[in-house]
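# Survey of secondary and tertiary structure
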Amino acid sequence: MKVIKKTVKKAKNILYISSLIIISSACKKDKMIDKNKEMTGTWNSIHTTANCGVNIGTPVNPELKLIIAEKGYYRLYQKDKKIEKGRMLIQNGLVTFNCSENKSELDGKIVIKFNADSLNIDRNICNDDYYMRFVR
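Bear in mind that the values here come from a model prediction, so they are computed numbers and not experimental data.

## Some remarks on unusual backbone geometry
Trans is the prevailing form of peptide bonds, just as negative phi is the prevailing case for residues other than glycine. The backbone phi angle of Lys79 is positive, close to 60°, even though this residue is not glycine. On the basis of relative accessible area, Lys79 is assigned to the exposed category, the value being 54%. Positive phi values are uncommon outside glycine, yet Asn92 reaches one of about 55°. Relative to the helices and strands, Asn92 resides in the loop between β5 (81-91) and β6 (94-99). The class for Asn92 is exposed, based on a relative accessible area of 79%.

Given below as structure tokens:
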């Protein structure tokens, strides 16, 4: 009987230590901080730049809605259908979209400018203006 109790106690200790190791090695999800925190919220597309700086009145990707959560996760919707989700990361000092799905609209794109009411994403092929623009 003592052998069984010792075995059970060892198994519990191993399970406890294993749990601690797993929990401590899990990814820490940083919140959006400092100025980046202002990006959290819901954004709607209004313009897309085409032909090297010529704004077109209707977006190339109409009815896009971008939701950015406080912990840096984002979801992109077209109308009411989710078309992308992922995480925003700081890479080389720039906020970069990192999509967790195969098909993506924003993966690898960077936030080039934002303020309280507008968010410009990536450069167009001429590198003189934004690729996508969202407003609150």
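## A word on the pairing of strand β3 (residues 64-68)
The buried fraction of β3 is high, at four of five residues. Two elements, β3 and strand β4 (residues 73-78), share five bridges in a ladder whose sense is antiparallel. Residue pairing in the sheet places Lys65 in a bridge with Tyr77 of β4.

## Points about the nonpolar core
By size, the foremost hydrophobic cluster in this structure holds 18 residues, and its most contacted members are Leu66, Leu119 and Phe134. Elements represented by at least two residues in this core include exactly β3, β4, β6, β7 (111-114), β8 (118-123) and β9 (130-135).

## A look at the confidence of the model for the chain
Counting all residues, the mean pLDDT for the chain is 76, and 65% of those residues have values of 70 or more. Mean pLDDT across the elements of the chain ranges from a minimum in strand β2 (residues 54-56), with 56, to a maximum in β3, with 93. Of the regions scoring below 50 in pLDDT, residues 23-30 engages in four contacts with residues more than four places distant in sequence or in other chains.

Conventions used here
- Residues numbered from 1 in each chain as written.
- Predicted model: local features only at pLDDT ≥ 70, side-chain atom pairs only at ≥ 80, totals over all residues.
- Heavy atoms only, no water.
- Buried < 20%, exposed > 50% of the residue type's maximum accessible area, 1.4 Å probe, protein only.
- Helix = DSSP H or I, 4+ residues; strand = E, 2+ residues; numbered from the N terminus.
- Pairing = 2+ DSSP bridges.
- Core = buried A, V, L, I, M, F, W, Y, C linked by side-chain atoms within 4.5 Å.
- pLDDT = per-residue confidence, 0-100.
- Contact = heavy atoms within 4.5 Å.

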